[in-house]
Amino acid sequence: MVQSLIRRPLLPLLALPLLFAPAPLPAQTGGAPYSVDGRSFGRLQEAVDAIGDGEGTIRIAAGYHRDCAVQTAGRIAFVAAESGRAIFDGVTCEGKAALVLRGAGARVDGLVFQNMRVPDANGSGIRLERSNLDVVNSLFRNSEQGILTGDDPAATLTIDRSTFSGLGRCDRGLSCAHGVYTGIYGKVIVTRARFEKGTGGHYLKTRAIVVDINDNSFDDTQGSTTNYMIDLSSGSIGQIMNNLFVQGRDKENYSALITVAAEERKNPSRGLSIAGNRASLPAGLGRKSVFVADWSGEALAIGANELGPGLTPFEKR
């Protein structure tokens with residue numbers, strides 16, 4: 001059974017170009033790094049300010065961008081001119097992230113975020129403070145956190161065909177960081193994404209009211225001191241379906257793969273559907289775990305899931 005669990009490719013095929021793209025040239029070579037409707041800009045903030053409270057697309061040239069920006073208005077698409085080759089490397093705004101978003105909405109397409117670290121240890125590729133955000137075909141790696149959000153119960157965060165690698169921490173007496181951590185968002189949709197090589201915290205932690213987590217891979221085989229694969233901290237409704245989970249050996253907490261309302265019961269969880277998933281534990285380690293651990297006390301809809309040896313399907317806590 002364990003072999004059958006890992007036959008499915010662990011990496012969404014559309015994410016492969018992000019990991020194997022050739023190293024880009026510096027962004028300054030061959031023209032300005034940013035453009036909006038044919039106008040060129042040397043700094044990302046200048047391009048954001050040029051759109052203002054309107055709507056526009058910023059095309060981002062291939063290369064390493066040691067730059068950041070804060071969006072306070074308008075609807076902006078941040079789009080790589082060549083998917084997977086525009087890399088934001090190690091520079092944050094407001095001590096938060098490469099992109100700090102609190103405008104009327106945003107889209108991020110084809111970008112890479114890496115080496116984000118800040119004094120409070122929550123350095124992220126994206127800090128989403130309000131409004132809708134779509135993230136597609138992007139890569140977050142080797143940072144304290146991939147995406148961190150505030151609360152916006154009226155908004156939706158959508159992540160599709162993206163990879164989160166080498167993220168998370170839970171040390172130094174500071175609040176933990178995670179691959180993705182969302183506050184009370186109205187809905188969080190995560191599809192065809194890959195989570196891998198975690199370095200602490202949870203792979204996907206969300207307090208969203210509604211979740212749709214479908215067709216992703218959570219590969220913890222090279223993780224270190226990690227915790228849960230999915231943590232619905234405040235409870236959620238919606239679905240977790242058709243995902244692949246492989247728990248690694250080096251865990252800070254291996255007691256469960258998916259948790260519901262582990263911290264509070266702020267959101268309803270009745271009817272949350274968890275089905276069609278596959279999960280396994282490390283071969284030969286001899287330990288046991290629980291696939292879904294529930295603190296909500298509500299009736300969840302746990303359907304058929306293919307579980308490897310040592311995994312208990314469900315446990316109330």
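As the structure is a computational prediction, the values presented were derived from the model and not from experiment.

Draft legend 1. Quick peek at the overall build of the protein chain. What the protein chain contains, in helices and strands, is 3 helices and 32 strands. The C-alpha atoms of the protein chain give a radius of gyration of 19 Å, which matches the 20 Å a tight globule of 317 residues would have. Projected onto its principal axes, the C-alpha coordinates of the protein chain cover approximately 55 × 40 × 35 Å. Residues classed as buried in the protein chain amount to 58% of the 317 residues present. Long-range pairs, those at least 24 residues apart, make up 72% of the contacts in the protein chain with a sequence separation of at least 6. Accessible surface for the protein chain amounts to roughly 12200 Å². Of this, 50% is attributable to carbon and sulfur atoms.

Draft legend 2. How the structure looks around the state of the cysteines. Counted under the stated rule, the structure contains 2 disulfides. Between the sulfur atoms of Cys68 and its disulfide mate Cys93 the distance is 2.0 Å. On the S-S bond that ties Cys68 to Cys93, the torsion sits near 85°, and the link is right-handed. Here Cys68, found in the loop between strand E4 (63–65) and strand E5 (69–71), pairs with Cys93, found in the loop between strand E7 (86–89) and strand E8 (97–101); they are 25 residues apart in sequence, far enough to count as distant. Here Cys68 matches Cys93 in class, with each residue buried. The disulfide that involves Cys170 links it to Cys176, with 1.7 Å between the sulfurs. Cys170 sits in the partly exposed class, given a relative accessible area of 29%. In the protein chain, the bonded cysteines, taken in the order they occur along the sequence, pair up as 1-2, 3-4.

Draft legend 3. Just empty space enclosed by the protein, in detail. With the rule as written, the count across this model stands at 1 cavity of 30 Å³ or more. Of the pockets and cavities examined, the largest cavity occupies roughly 60 Å³. Along its surface, the largest cavity is lined by Phe164, Leu167, Gly179, Phe195, Glu196, Gly198, Gly200, Gly201, His202, Tyr203 and Thr226. Sorting the residues of the lining of the largest cavity by element identifies strand E16 (163–167) and strand E19 (194–196) as the ones contributing at least two each. Class assignment of the residues belonging to the lining of the largest cavity gives a composition of 4 nonpolar, 6 polar and 1 charged.

Draft legend 4. Molecular detail of the pairing of E8. Among the 5 residues that make up E8, 5 are buried, leaving the element largely enclosed by the rest of the structure. Judged from the 3 bridges that link them, E5 and E8 form a sheet pairing that is parallel. Bridge assignment links Val70 to a residue of E8, and that residue is Val100. The sheet contact formed by E8 and strand E11 (residues 124–128) spans 4 bridges and is parallel. By the bridge assignment for E11, Leu101 is matched with Leu128.

Draft legend 5. Inspection of the sheet that holds E16 at higher detail. Reading across the sheet, the 10 strands line up as E4-E7-E10-E13-E16-E19-E22-E25-E28-E31 and stay open at both edges, with parallel pairing between neighbours. At either margin of the open sheet sits one strand with a lone partner, and together these are E4 and strand E31 (306–307). Here strand E25 (residues 244–246) pairs with strand E28 (residues 278–280) via 3 bridges, running parallel. Residue Leu244 lies in a different strand from E28, and its bridge partner there is Arg278.

Draft legend 6. Broad picture of the environment of Cys176. On the secondary structure map, Cys176 appears in the loop between E16 and strand E17 (180–182). Judged by relative accessible area, Cys176 falls into the partly exposed class, the value being 24%.

Draft legend 7. Quick peek at the packing of aromatic side chains. One pass over the full model with this rule turns up 7 aromatic pairs. Here the aromatic rings of Phe140 and Phe164 are separated by 4.8 Å at their centres, their planes lie at 5°, and the arrangement is stacked. Of this pair, Phe140 sits in strand E13 (residues 139–143) while Phe164 sits in strand E16, placing them 24 residues apart in sequence. There is no split in this pair, since Phe140 and Phe164 are both buried. Judged by centre distance (5.0 Å) and plane angle (10°), the ring pair of Phe218 and Phe245 falls under stacked. Placement of Phe218 in strand E22 (residues 217–219) and of Phe245 in strand E25 is noted, with a sequence separation of 27 residues between them. The exposure class of Phe218 is buried, given its relative accessible area of 1%. Counting every residue linked through ring pairs, the aromatic cluster contains Phe88, Phe113, Phe140, Phe164, Phe195, Phe218, Phe245 and Phe291. Cation over ring: Lys205 sits above Tyr181, and NZ or CZ is 5.3 Å from the ring centre. One residue, Arg287, lies across the ring of Tyr254, its end atom 4.6 Å from the ring centre.

Thresholds applied
Residues numbered from 1 in each chain as written. Predicted model: local features only at pLDDT ≥ 70, side-chain atom pairs only at ≥ 80, totals over all residues. Heavy atoms only, no water. Helix = DSSP H or I, 4+ residues; strand = E, 2+ residues; numbered from the N terminus. Rg over C-alpha atoms; globule rule 2.2 N^0.38 Å. Buried < 20%, exposed > 50% of the residue type's maximum accessible area, 1.4 Å probe, protein only. Contact = heavy atoms within 4.5 Å. Areas by Shrake-Rupley, 256 points an atom, 1.4 Å probe, with all protein chains shown as cover. Disulfide = S-S within 2.5 Å. 1 Å grid on protein atoms, 1.4 Å probe; cavity = no way out; pocket = protein on both sides within 12 Å on 5 of 7 lines; lining within 4 Å. Points joined across faces, edges and corners; volume = space filled by probe spheres on them. Nonpolar A, V, L, I, M, F, W, Y, C, P; charged D, E, K, R; others polar. Pairing = 2+ DSSP bridges. Phe/Tyr/Trp six-rings, centres within 6.5 Å; stacked < 30°, edge-to-face > 60°. Lys NZ or Arg CZ within 6 Å of the ring centre and 35° of its normal.

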